[in-house]
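Listed here are the chains, written in short residue letters.
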Amino acid sequence: MRVALHELWGCGRGPVSQLAPQVRIVVGAAAFGACMLAPIPSRAGFALLVATVVLWLAGGRVPLRIIGSTVLLGCVVLAPYLLLTPLIGNHGGVQDWTTGLRVPIGIFVHGLAGMLISVGTVTSLSASDLREGLLRLPVPPMVAAIVLQIVHQTAALGYETRRIASAMSVRGASGAGTAGFRVLASLPQVWLPRVLIRAERVGAAMELRGYCEQDLPSFGVATIGGRDLLALLLALTALALSVSLRCGLVP
């Protein structure tokens, strides 16, 4: 996945980005829950899962290159679960193979859908929107501060990691033979100390700014309109349908 993390935040320009920040977070979480609870390989569950993912990505107008990168990453990470099929059950016929495929296919479909929903939520939120949304939700201030720092520092560490990789590549680390293994062995000695030093600096800065002593102030006005209520209704309806399908209340 060649898309930098800081490029994902707030890159979507669809109708979803016009919702209140806290509504975007709640709707994204409800859509994620609906995808995770949708029964697979049930046709109704699969249709609900696909519809939820497509509507969320289309509503956020997620760039196609980001969708393609996410799908490719999901296939690389989740496709190996299909290799577990021979270990599931006694495969004496076609029916046994079909039964054995249900579990890894369910893992693959649920995992890929969760990744797409998560990416769609991230692209609909800028760092400022994430901050405002967390502050307007019933989330402990310390938890909100830690999440914001994780998001900020992850992007900074990703940028620093690319700088280290570029510097090592210029110095011949990309050559063939044993050079690659030497770089792999020495990388923790270069990267890990920088990560620890940065973590200590961030902790000291948070303590200096009184993150443990006062609540984070909100810089916006919490306004929820009709489109926010509509988005919440659709997301909660999808979640309720998914729960009903999972519990067998809907055929």
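Residues numbered from 1 in each chain as written. Predicted model: local features only at pLDDT ≥ 70, side-chain atom pairs only at ≥ 80, totals over all residues. Heavy atoms only, no water.

Chemist: Would you mind showing me how to read the overall build of the protein chain here?
Modeler: Helix and strand content of the protein chain: nine helices and zero strands. Counting from the amino terminus, the protein chain carries its helices and strands in the arrangement α-α-α-α-α-α-α-α-α. Contacts in the protein chain between residues far apart in sequence, at least 24 positions, make up 81% of those at least 6 positions apart. Only carbon and sulfur atoms are counted for the fraction: they give 68% of the accessible area of the protein chain, which is about 15,000 Å². (Helix = DSSP H or I, 4+ residues; strand = E, 2+ residues; numbered from the N terminus. Contact = heavy atoms within 4.5 Å. Areas by Shrake-Rupley, 256 points an atom, 1.4 Å probe, with all protein chains shown as cover.)

Chemist: Mind showing me how you'd approach the side chain of S69 here?
Modeler: Tracing the backbone shows S69 in helix α4 (residues 64-78). What makes S69 buried here is its relative accessible area of 17%. Within the structure, the side chain of S69 is placed 2.8 Å from the backbone oxygen of R65, a separation counted as a polar contact. (Buried < 20%, exposed > 50% of the residue type's maximum accessible area, 1.4 Å probe, protein only. Polar contact = N/O pair within 3.5 Å; in protein donor to acceptor, adjacent residues only side chain to side chain.)

Chemist: Just to check I follow, could you spell out the pattern of salt bridges for this structure?
Modeler: Two side chains carrying opposite charge are able to pair once their charged atoms lie near each other. Scanning all chains against the criterion turns up three salt bridges. A salt bridge links E132 to R131; the nearest nitrogen and oxygen atoms lie 3.3 Å apart. Exposure remark for R131: the relative accessible area of 18% places this residue in the buried category. The partner of E132 in a salt bridge is R136, with the nearest N and O atoms 3.5 Å apart. Of this pair, E132 and R136 both sit in helix α6 (residues 127-136), four residues apart, which is roughly one turn of the helix. By relative accessible area, R136 is classed as partly exposed at 24%. (Salt bridge = Lys/Arg side-chain N within 4 Å of Asp/Glu carboxyl O.)

Chemist: Would you explain the confidence of the model for the protein chain in this entry?
Modeler: Caution applies to low-pLDDT regions: their predicted coordinates should not be interpreted in detail. Confidence along the protein chain averages 78 in pLDDT terms, with 72% of residues attaining 70 or more. Per-element averaging of pLDDT across the protein chain places helix α1 (residues 5-8) at the bottom with 63 and helix α2 (residues 21-37) at the top with 91. (pLDDT = per-residue confidence, 0-100.)

Chemist: I tried to follow the environment of L84 on my own but got confused; where do I start?
Modeler: Note on placement: L84 falls in the loop between α4 and α5 (94-123). L84 gets classed as partly exposed once you look at its relative accessible area, which sits at 39%. Remark: the alpha-carbon pair of L84 and V103, spanning 19 residues in sequence, is separated by 8.9 Å.

Chemist: Got a minute to help me understand the packing of α2 against helix α3 (residues 43-60) in this structure?
Modeler: Packed helices, taken two at a time, are described by their axes: the angle between them and the distance between them. Here α2 crosses α3 at 155 degrees, and the two axes come no closer than 9 Å. Classified by the angle between their axes, α2 and α3 sit roughly antiparallel to one another. Crossing of α2 over α3 shows left-handed handedness. Facing R24, V27, G28, A31 and C35 of α2, the residues of α3 in contact are L49, T52, V53 and W56. Class assignment for the residues of the contact of α2 with α3 results in six nonpolar, two polar and one charged. (Axes fitted to C-alpha atoms, helices over the stretch in contact; angles between N-to-C directions. Parallel < 35°, antiparallel > 145°, perpendicular 65-115°, else oblique. Left-handed = near helix turned anticlockwise from the far one by under 90°. Nonpolar A, V, L, I, M, F, W, Y, C, P; charged D, E, K, R; others polar.)

Chemist: I'm lost on unusual backbone geometry in this one. Help?
Modeler: The backbone of R61 shows a phi angle near 50 degrees, a positive value even though the residue is not glycine. Examined against the element boundaries, R61 turns out to sit in the loop between α3 and α4.

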